[in-house]
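Now for the letters of each chain:
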Amino acid sequence: MVDAEGGLSLTIARVVQRLRGSSLHSQLERQARVSLHKPEVKLESLKEDIRDFLKTSGWEKKLQNAVYSELNVFPSPCHPAAPPEHMKEPLAYMRKAQGSWEKRILKSLNSMCTELNIPLAQKRPASEQKELLNKWNEMGTDEPDLSLFRPVYAPKDFLEVLMNLRNPNYENGEQPSFRNHLGLIQVPLKVKDIPELKEDFSELGLNIGQLGIDDSAQVPPEFFENEHVRVGQKVLAEQDSAAAQQYVRQGCPTALRAELWALILNISNQPEDILYYEQLKSNVIQHNLLVDSLIYKDVKLTASNDDYYFVFEDYLYQVLLCFSRDTSVLEHFAYSSATPPKSYIRGKLGVEEYAVFYPPNGVIPFHGFSMYVAPLCFLYHEPSKLYQMFREMYVRFFFRLHSISSHPSGIVSLCLLFETLLQTHLPQLFYHLREIGAQPLRISFKWMVRAFSGYLATDQLLLLWDRILGYNSLEILAVLAAAVFAFRAVNLMEVTSLAAAEAVLADLSTLKVVPLLQIFLFATVT
Amino acid sequence: PWLARWQRSSGAGIPSRRDALRRDRSALPELPSCRRAAPGWERRTGEEPWDFHWCDVGWLHEHFDHASLPEHVRLCHFRNHYELTRKNYLVKNLKRFRKQLEREAGKLEATKCDFFPKTFEMPLEYHLFVEEFHKNPGTTWIMKPVGRSQGKGIFLFRKLKDIIEWGKVRTTLSPSGEWPTGIFDLFCLPGPDGLSTDDQKDETQVEVYVAQRYIENPYLIGGRKFDLRVYVLVTSYIPLKAWLYRGGFARFSKTRFTLNTIDDHYVHLTNVAVQKTAPDYDPEKGCKWMIQQLRQYLTAKHGAEAVEILFADMDNIFIKSLQSVQKVMISDKHCFELYGYDILIDQDLKPWLIEVNASPSLIASSQEDYELKCHLLKDTLHIVDMEGRLSGKEKRVGGFDLIWSDGPVSREGNLANAFVTGCHNDRKKQLKQLFRSLRAQQKAEC
């Protein structure tokens, strides 16, 4: 067990190492040098004066935000002697399961590739490049023949894998009964119960103002809304990430949301970021990847058919095609249980010098992947900013929804949390659904994997994602899923088949997220 | 389903009236559950007596002048609604109203009427049009027939010769083998045998068009153009009483907007009817956003204030357009009318009036759309109030808000400064409260 001191110094060392050499670092140096010309900076008290200058000019705040961002993203190191796999995933059996899942996906991708006789990557001829460049803003008009492509996997395939996860060290010979877990997930991970969730999500409490409840037409805005907007504007003026993260726990006003989210994720769309995006764009133009067709297919099948997101089709291509080629995404594999798939240059199978990550960002899209991007199109219209916001959301949150890990925000824990909440607080419903062959997780899994995108009305979805950012955790997805079941419990008790249960829960577009969460956490008798 | 009859249930406390409802075949073929919209009403056909007629404009023109209607009956159109809904009359009335406003209240006040793109009636104002056309070479104009709807017969042009070309396609060679060259001739409908000699010209019908300045910088979302459909209910013109419905929708064009494809109707015309025939139209997918969504999107992008100004400007359009026809409209107490306003927003967030429909389509393109239209009809019937339940002082009934009652309407609470299109529509709750308090009032009075 590492003592607090040691742990802290390790963290500091890591943050310093990551920020050193970053553009923020060089900007700070430049600012410090510029400050030497200022009259208030004197040679005798150089160090303090420069520090004061950086504070008053807002640069210290930028540094603070960057440090805060690092702390949020990277988990604290467990032990100086721990091998790097432990930062990815401490439990060996989870690592193994993730590894075999990855092998399966890659095999599926490779066989599609061989079947269709399409290379994984190919340089585009000059004429094609020109055409694509002209059509960049309306790629949705393209109608390539995608009938032979199929998504590499769908959420339900992934659920099957999770259902078969077992901890080899855990003997659970007993028959399933009320004393142990009746659900589909059978791994002994620790999940929170309602009292703990109440503490964690205390800002959702009944006596605290919320957007999504206290800004409805019936409530005069003087009670909560006006003041909340004022505070939000102040937070933006201060440019403080930590304050913003605290603020959005009560919901973001529509007009301020885009800026607040960017502040929390520390995205500022600097010239070098725009340049980076343009670089990615030129990569898309020059090379054609097999995953591009998968992306096209996914967008056409999901977002284009959505009543509200179809308008943003073109933006989705612009983001996702660039995303596949972004090697900076590979950094997140340091703390993800996943490992990027490797591919070999033709003819050099197994030769390490000729290994490349495929796709370049290491992420193979699955059916519904584009729905992670679609809601952001409501907030960000400039392609490079939209791109960066999505990338950051992915490497902070979404990657956990399709990789096998023991992390409390990982999909396995979310599933277990959902099932436990349901079994503990709605045992009759759970048992009934199980008896008729409608295990609740079979229905709610797809909601959680997509972070409810495409299932909730857009304004409600954005209120939900406010809380994901505010609490830096995805647990709220499991709580909401349980709350939805609780809300429709009466109808669900009357169904007699899985299909009927699916029908009761098919349409979530009229649900109001915040009251549901509040009632489930704070107004249900436990 | 609309052929079925239904019986009124005996509701306690509601004064018993002869309740009969007649629905005209052609007006509502699309709305399958008339029953749902008006519970407790019975259909009537033929010559049976009736209280309420959802008629089409054809029936109205035929019968209105000759029928002597009992006091309590209601019809869903005004006798000369075309003053507002036919494009050439609307333009005439707006121009006249603007002049009047300028005389009475000054130039600044008159600019509040500048929500209608420059329009000329054809062929009557052809020469005025040509003058304006030459002042701004290179701009795009749109030609629309005044009498048709759903996008039919519309085309865009940039050169005068396009009109000539188009006209030639419609007409035929004269007996002497020449194409008609007079502008008037271009707008003539072909005679019964396809020829249009000089002798026949007097009897030939001329199809009236309007040429309108095309809005070249529409607001785009996802590269697509859209227009708004908003519903306004007028229960009387003298005095003017108008209600605005909180729901409505934005109709998106299926393809990305570009001025390069003037011939591509599907881009420029956003009427759902036109979109439905587009080659890649997917009937499963709606090309519509509810107005609430649009309002949210715009607020996130431009901030709450800019959006408030936009919706305030839209309110201005409704009121000014109704005021402009107030004096010419035959305001019969039997009549009410539900108008469908088509509004286009440009890139500066300025709303433009495209047209007003007297018979807005009630065909639903999706479940959400169906619910909107059902609720719209229900609330319309609540306001027409044949059962005599309302006190007449209400400022809100269901999803409708009173926006003009012989003068501007003040609103209380947190909607005092908000313009309600696209606001939260809690109509069920509102109706429940309204009718409960009305019943209580009635009981107190007995």
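Residues numbered from 1 in each chain as written. Chains lettered and ligands numbered in written order. Predicted model: local features only at pLDDT ≥ 70, side-chain atom pairs only at ≥ 80, totals over all residues. Heavy atoms only, no water.

### Quick word on the overall build of chain B
Applicable threshold: Secondary structure follows DSSP: runs of H or I at least 4 residues long count as helices, runs of E at least 2 residues long count as strands, and numbering of each begins at the N terminus. Buried, partly exposed and exposed residues are distinguished by accessible area as a fraction of the type maximum, computed with a 1.4 Å probe on protein chains only: under 20%, between the cut-offs, and over 50%, respectively. Contact criterion: two residues are considered in contact whenever any of their non-hydrogen atoms come within 4.5 Å of each other. Per-residue and other accessible areas follow the Shrake-Rupley method at a 1.4 Å probe size, with only the shown protein chains counted as cover for residues.
Along the backbone of chain B there are 14 helices and 15 strands. Across the 446 residues in chain B, those meeting the buried criterion constitute 54%. Relative to all contacts within chain B whose residues are 6 or more apart in sequence, the contacts with residues 24 or more apart total 67%. When the accessible surface of chain B is totalled, it reaches about 20600 Å², and 52% of it is carbon and sulfur.

### Some details on the overall build of chain A
The criterion, for reference: When we talk radius of gyration, it's over C-alpha atoms, and the globule rule is simply 2.2 Å times the number of residues to the 0.38.
Helix and strand counts for chain A come out as 24 helices and four strands. Relative to the globule expectation of 24 Å for 526 residues, the C-alpha radius of gyration of chain A, 24 Å, shows essentially globular dimensions. Considering only C-alpha atoms, chain A reaches an extent of 80 × 65 × 50 Å along its principal axes. Counting across all 526 residues of chain A, residues that qualify as buried make up 52%. Sequence-distant contacts in chain A: of pairs separated by 6 or more residues, those separated by 24 or more amount to 77%.

### Looking at the pairing of strand E10 (residues 241-256) of chain B
Residue and element names in this part refer to chain B. Applied cut-off: Two strands are said to pair when DSSP picks up at least two bridges between them.
Most of E10 sits out of view: 14 of its 16 residues are buried. Strand direction decides the pairing type here: strand E9 (residues 224-236) and E10, joined by 10 bridges, are antiparallel. Of the residues in E10, the one forming a bridge with Asp-227 is Arg-251. Where E9 folds back on E10, the antiparallel hairpin that results is connected by four residues. Across three bridges, the pairing between E10 and strand E11 (residues 288-290) is antiparallel.

### Looking at a positive patch on the surface
Residues and elements named next belong to chain B. Spelled out, the test is: Distance thresholds for patches are 9 Å for like charges and 5 Å for nonpolar side chains (Val, Leu, Ile, Met, Phe, Trp, Tyr), applied to residues having over 30% relative accessible area and no salt bridge. Definition used for salt bridges: Asp or Glu carboxyl oxygen within 4 Å of a side-chain nitrogen of Lys or Arg. This count recognises Lys and Arg as positive and Asp and Glu as negative, with His and chain-terminal groups excluded. A single reference atom marks each charge: NZ on Lys, CZ on Arg, CG on Asp, CD on Glu.
Taken together, the side chains of Lys-95, Lys-99, Arg-103 and Lys-118 present a region of like positive charge at the surface. Relative to the elements of secondary structure, Arg-103 occurs in helix H4 (residues 87-105). Residue Arg-103 is classed as exposed on the basis of its relative accessible area of 66%.

### Remarks on the nonpolar core
Selection criterion: What makes a nonpolar core is a set of buried Ala, Val, Leu, Ile, Met, Phe, Trp, Tyr and Cys residues whose side-chain atoms join them at distances within 4.5 Å. Each domain span listed reflects an automatic or database assignment of domains.
One finds A:Phe390 and B:Trp289 to be the most contacted residues of the largest nonpolar core, which totals 243 residues. The leading source of residues in this core is helix H21 (residues 475-487) of chain A, at 10 residues. Looking at this core, you find at least three residues from each of domain 1 (2-79) and domain 3 (224-445) of chain B. The residues touching A:Phe390, leaving out its near neighbours within four places in the chain, are A:Val319, A:Leu320, A:Phe323, A:Phe369, A:Tyr372, A:Val373, A:Leu376 and A:Phe398. Core analysis: the next-biggest nonpolar cluster, separate from the first, contains 15 residues, B:Met122, B:Phe155, B:Phe157 and B:Ala211 among them.

### Here's the deal with the packing of helix H17 (residues 411-425) of chain A against H21(A)
Residues and elements named next belong to chain A. Rule in force here: Axis lines are fitted through C-alpha atoms, for helices just across the contact stretch, and the angle between N-to-C directions can take any value from 0 to 180 degrees. Should the near helix be turned anticlockwise from the far one by less than a right angle, the crossing is left-handed, and should it be turned clockwise, the crossing is right-handed. Gly falls in the polar group here, along with every residue not listed as nonpolar (Ala, Val, Leu, Ile, Met, Phe, Trp, Tyr, Cys, Pro) or charged (Asp, Glu, Lys, Arg).
Where H17 meets H21, the closest approach of the two axes is 8 Å, and the angle between their N-to-C directions is 35°. When the axes of H17 and H21 are compared, the crossing they make is right-handed. Taken together, the residues of H21 that come into contact with H17 (itself represented by Leu-414, Leu-417, Phe-418, Leu-421 and Leu-422) are Glu-475, Leu-477, Ala-478, Val-479, Ala-481, Ala-482 and Phe-485. Grouping the constituent residues of the contact of H17 with H21 by class yields 11 nonpolar, no polar and one charged.

### Let's talk about the interface of chain B and chain A
Our working rule: Buried area is calculated as the accessible area (1.4 Å probe) missing from two parts once they are joined, with the contributions of both summed. N or O atoms within 3.5 Å of each other form a polar contact, as long as, within protein, one can give a hydrogen and the other can take it, and as long as residues adjacent in sequence are counted only when both atoms are side-chain atoms.
Listed per partner, the contact involves 24 residues of chain B and 27 residues of chain A. For the pairing of chain B and chain A, the buried interface totals around 2300 Å² over both sides, and the portion due to carbon and sulfur atoms is 54%. Between chain B and chain A we count one salt bridge in total. Between B:Arg224 and A:Glu313 there is a salt bridge, with its nearest N and O atoms 3.9 Å apart. Linking chain B to chain A there are five residue pairs in polar contact (both at pLDDT 80 or more). Sort the elements by how many residues they give to the side of chain B that touches chain A and helix H11 (residues 291-302) of chain B lands first, with six residues. Along the lines of polarity and charge, the residues of the side of chain B that touches chain A split into eight nonpolar, seven polar and nine charged.

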